[in-house]
Amino acid sequence: MFQSYRVSSTRRGRRAKRSLGDRPPSTMRSFWDFATIKEISPAVALIIASEYHRFSRGRSWVPRAVNIESWDPDVRAVLDAVGFLSLAGTEPTSSEILNIDHLSILKMRAGNQASGEKVSELLEELGVAAMLNDAPLYEAIIEALTNTRHHAYPETHDFEPPHVPGWWMTGYVNRETREFSVIVYDQGVSIPATLPLWKRFGELSAFWRKAFRTDPDFEDMASDGTAIRAAMTVGKSRTNLATRGKGLHAIEDAVNRCDNGELAIYSRCGEYRKTSGRPSRHFNRNEAVGGTLVVWRMSFSADQLDDDQNR
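Quantities reported herein were computed from a predicted structural model and do not represent experimental measurements. (Residues numbered from 1 in each chain as written. Predicted model: local features only at pLDDT ≥ 70, side-chain atom pairs only at ≥ 80, totals over all residues. Heavy atoms only, no water.)

### Let's talk about the environment of valine 294
Inference 1: Here valine 294 shows up in strand β9 (residues 292–299).
Inference 2: In sequence terms valine 294 and isoleucine 265 are 29 residues apart; their C-alpha atoms lie 4.6 Å from each other.
Inference 3: Once residues within four sequence positions are removed from consideration, valine 294 is found in contact with Val182, Ile183, Val184, Ile251, Leu263, Ala264 and Ile265. (Helix = DSSP H or I, 4+ residues; strand = E, 2+ residues; numbered from the N terminus. Contact = heavy atoms within 4.5 Å.)

The following block contains the structure:
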């Protein structure tokens, strides 16, 4: 669904800009009916909001939200929380945190640098600043941002305009289940597409042949789950330089070192999951996610949540 939505919105935006400059079309022949959505996660809301943010940064015409009174209230609230409604031309919430029942969702952050300040800000706004003392988690988030800057947007790739290289990030706290999540997304070429550029590509190919008894084919999106699994197992940075991060394995370290956590990576058509104390799993989906989405979910104790979030 998302890939078709992204292609459709990109084409509509280009047509509108070519014909009308900065003015929106007077009539819409078709639109995406958000009233049919009955449930949405903060991760999916982030992807949708990032697409609107990309168009606004590229100074393209951005479609306005319509018929929002017919949207499911919880769906509308989650989209509002991540900042989508303000991008879609409606009156947004002014708060950086939106509380929906037992959920506290953080408004989307965006950037193109691996910013420790942004990570600290996110955890503090979520009310889990104590997690800053958890070095593996902090390094995992920084590594995801580093990979975006150095790998996701190669200069040789022809991206659909408007092209805005960067990352988008949000998070939420679930006070009922005592779980918090950090979500990072980029609209890059995907992990499987970058693997042939790795300096340790020979080692990765050897692992692939031994583990899966086939030759790697990184253009075959039906193998994307396998490609992510191979990348996570070899776990080396493409540049192999300490200044460029600690490699994809650092993204998983935060889960490996906690008692109750989960990592999910969606990249192109591949999905990779790792739960604390369990073997990793990988899958393939029918549609591409339009880049790479990384989701960490972890439990917290009562003393790790700030007082104002406990109330």
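### Here we look at helix α8 (residues 201–212)
Inference 1: Spanning 12 residues, α8 covers 16 Å between terminal C-alpha atoms, matching the ideal 16 Å at 1.5 Å per step.
Inference 2: Its buried side turned inward, α8 meets α9 (224–234).
Inference 3: Arginine 213 sits one or two positions beyond α8 and adopts a positive phi of about 55°. (Expected span 1.5 Å × (residues − 1).)

### Some words on helix α5 (residues 116–126)
Side chains of residues three or four places apart in an α-helix project in the same direction, reflecting 3.6 residues per turn.
Inference 1: Those residues of α5 not exposed but buried are Gly116, Val119, Ser120, Leu122, Leu123 and Leu126. The arc that holds the buried residues of α5, viewed along the axis, is 160°, so those residues lie on one side.
Inference 2: Positive backbone phi, at 85°, marks glycine 127, one or two positions downstream of α5. (Buried < 20%, exposed > 50% of the residue type's maximum accessible area, 1.4 Å probe, protein only. Arc of directions from axis to C-beta.)

### Side note on the packing of aromatic side chains
Inference 1: Evaluation of the coordinates by the stated rule reveals 10 aromatic pairs.
Inference 2: A centroid spacing of 5.6 Å and a plane angle of 50° characterise the contact between tyrosine 153 and phenylalanine 159, whose relative ring orientation is tilted.
Inference 3: Residue classification places tyrosine 153 among the buried positions, given a relative accessible area of 15%.
Inference 4: Given the relative accessible area of 16%, phenylalanine 159 is considered buried.
Inference 5: On the basis of an interplanar angle of 55° and a centroid distance of 5.6 Å, the ring pair of phenylalanine 201 and phenylalanine 218 is categorised as tilted. One end of the pair, phenylalanine 201, is in helix α8; the other, phenylalanine 218, is in the loop between α8 and α9, and 17 residues separate them in sequence. (Phe/Tyr/Trp six-rings, centres within 6.5 Å; stacked < 30°, edge-to-face > 60°.)

### Here we look at the pairing of strand β8 (residues 281–284)
Regular strands place their side chains on alternate faces of the sheet.
Inference 1: Bridge count between strand β7 (residues 270–275) and β8: four bridges; the pairing is antiparallel. Across the sheet, residue glycine 270 finds its bridge partner in β8, namely asparagine 284.
Inference 2: Hairpin connection from β7 to β8: five residues lie between these consecutive antiparallel strands, with glycine 277 at a positive phi of about 75°. (Pairing = 2+ DSSP bridges.)

### Side note on the pairing of strand β2 (residues 103–106)
Inference 1: Covered by surrounding structure in β2 are Leu103 and Ile105 together with Ser104 and Leu106, the residues of both alternating faces.
Inference 2: Here strand β1 (residues 97–100) pairs with β2 via four bridges, running antiparallel. Bridging across to β2, leucine 98 finds its partner in isoleucine 105.
Inference 3: What sits between the antiparallel neighbours β1 and β2 is a turn of two residues, in which aspartate 101 has the positive phi angle 55°.
Inference 4: Both β2 and strand β4 (residues 167–174) contribute to a ladder of three bridges, which runs antiparallel. For serine 104, the partnering residue across the bridge sits in β4 and is valine 173.

### Structural notes on the side chain of aspartate 224
Inference 1: One can find aspartate 224 in helix α9.
Inference 2: Once you skip the residues sitting within four places of it in the chain, aspartate 224 turns out to touch Pro192, Ser267, Arg268, Cys269, Gly270 and Asn284.

### Quick notes on the pattern of salt bridges
Inference 1: One pass over the full model with this rule turns up nine salt bridges.
Inference 2: One salt bridge in this structure joins arginine 54 and glutamate 51, with 2.7 Å as the shortest N-O distance. One end of the pair, arginine 54, and the other, glutamate 51, are both in helix α2 (residues 42–57), three residues apart, so they sit about a helical turn from each other.
Inference 3: The class of glutamate 51 is buried, set by a relative accessible area of 1%.
Inference 4: In this structure, glutamate 203 engages arginine 200 in a salt bridge whose closest nitrogen and oxygen atoms are separated by 2.3 Å.
Inference 5: On the basis of relative accessible area, arginine 200 is assigned to the partly exposed category, the value being 31%. (Salt bridge = Lys/Arg side-chain N within 4 Å of Asp/Glu carboxyl O.)

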